[in-house]
Amino acid sequence: MFKGKLLSVGADAKTSKGTKRNWLTGILYLAPASEAGRGNLCPHASAGCRSACLFSAGRGKFDNVRTARVNKTLRWFDDRRAFLADLVRDIAKLESYCKRHGFRPAVRLNGTSDIPWENVILPDQGCSLMDLFPRVKFYDYTKSKARAIKAASGGVPSNYSLTFSKSEDNAKACREVLRAGGNVAAVYSAEIFDRFQWDRRGVSAGWEHLAKKGWAKDLANRRPFNGDETDLRFLDPSGVVVALRAKGDAKGDQSGFVIN
């Protein structure tokens, strides 16, 4: 299996599901928010988002993994040029590996961060990563309403997909993103998630629960979409609520970030 300096490939159960659909995903995991003690990589994160962050899920529960992510983040701040050069090499290697082995390459740059990568210009190439690798599908979750709406209206590179992330305090923003044609990811407790009855398309008729919670009360025609089947958000239909099962520290969330 391909291994990179910065990208993790096949390192978690959810992205591994994508290989069944012939996609191989590389993820960049950094230290979220101000976890690295230098700057803030999640400027729009709510208190609930920070406490339930996937930084603690899966391999993130191990100290050596968390330390490695902090060290990557320090490189981002201290030696941006070398960091980006390594990232370019990793993506190029992933693309080459996929070509040799019959996969389609996908890259999620914000595994545990919220950097506006569409605005990051590579100093040695003078363009974004999406422009440099037009055959790679990039995708991310974001807490930035502006970025999500911009993506929904075609304002980011065509090979970059963004899904807005619901928190305990952004109900209005969720409605605005959905109306703009974007998608909203919402995290559910296992108890609630298991109540959904998914059809063959991965859609459930359980929107009533969203209405009762208030944040989607005027979006009764929306149907939750099963986002736990794969992490390939760019394959989701448009204008849906992407339902995710709580993982890591999110399982014990009481802030309202997790719907329960």
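Residues numbered from 1 in each chain as written. Predicted model: local features only at pLDDT ≥ 70, side-chain atom pairs only at ≥ 80, totals over all residues. Heavy atoms only, no water.

It is worth spelling out the sheet that holds strand β7 (residues 224-226) at this point. Pairing is mixed in the open sheet, where eight strands are placed in the order β1-β2-β3-β4-β5-β6-β8-β7. The strands lining the two open edges of the sheet, one partner per strand, are β1 (7-9) and β7. Pairs of neighbouring strands in the sheet enclose a mean axial angle of 35°, with direction left out of account. The sheet contact formed by strand β2 (residues 23-28) and strand β3 (residues 104-108) spans five bridges and is parallel. (Pairing = 2+ DSSP bridges. Helix = DSSP H or I, 4+ residues; strand = E, 2+ residues; numbered from the N terminus. Axes fitted to C-alpha atoms, helices over the stretch in contact; angles between N-to-C directions.)

Note that T73 resides in helix α3 (residues 63-78). A polar contact is formed between the side chain of T73 and the backbone nitrogen of A31, at a distance of 2.8 Å. Once residues lying within four places of it in the same chain are set aside, the contact partners of T73 are L30, A31, A36 and L41. (Polar contact = N/O pair within 3.5 Å; in protein donor to acceptor, adjacent residues only side chain to side chain. Contact = heavy atoms within 4.5 Å.)

This paragraph deals with the packing of aromatic side chains. Scanning the model with the defined rule gives eight aromatic pairs in all. Pairing F193 with F196 gives two aromatic rings, centres 6.4 Å apart and planes at 90°, and the pair type is edge-to-face. Both residues of the pair, F193 and F196, belong to the buried class. Site record: aromatic cluster; members linked through ring pairs are Y188, F193, F196 and W198. Geometry around Y29 places R69 over its ring, the cationic atom sitting 4.2 Å from the centre. Positioned above the aromatic ring of W76 is the side chain of R80, whose terminal nitrogen or guanidinium carbon lies 3.6 Å from the ring centre. (Phe/Tyr/Trp six-rings, centres within 6.5 Å; stacked < 30°, edge-to-face > 60°. Buried < 20%, exposed > 50% of the residue type's maximum accessible area, 1.4 Å probe, protein only. Lys NZ or Arg CZ within 6 Å of the ring centre and 35° of its normal.)

The phi dihedral of N22 is positive, around 75°, even though this residue is not glycine. Take N22: it is sitting in the loop between α1 (13-16) and β2. Accessibility expressed as a relative area gives 34% for N22, which makes it partly exposed.

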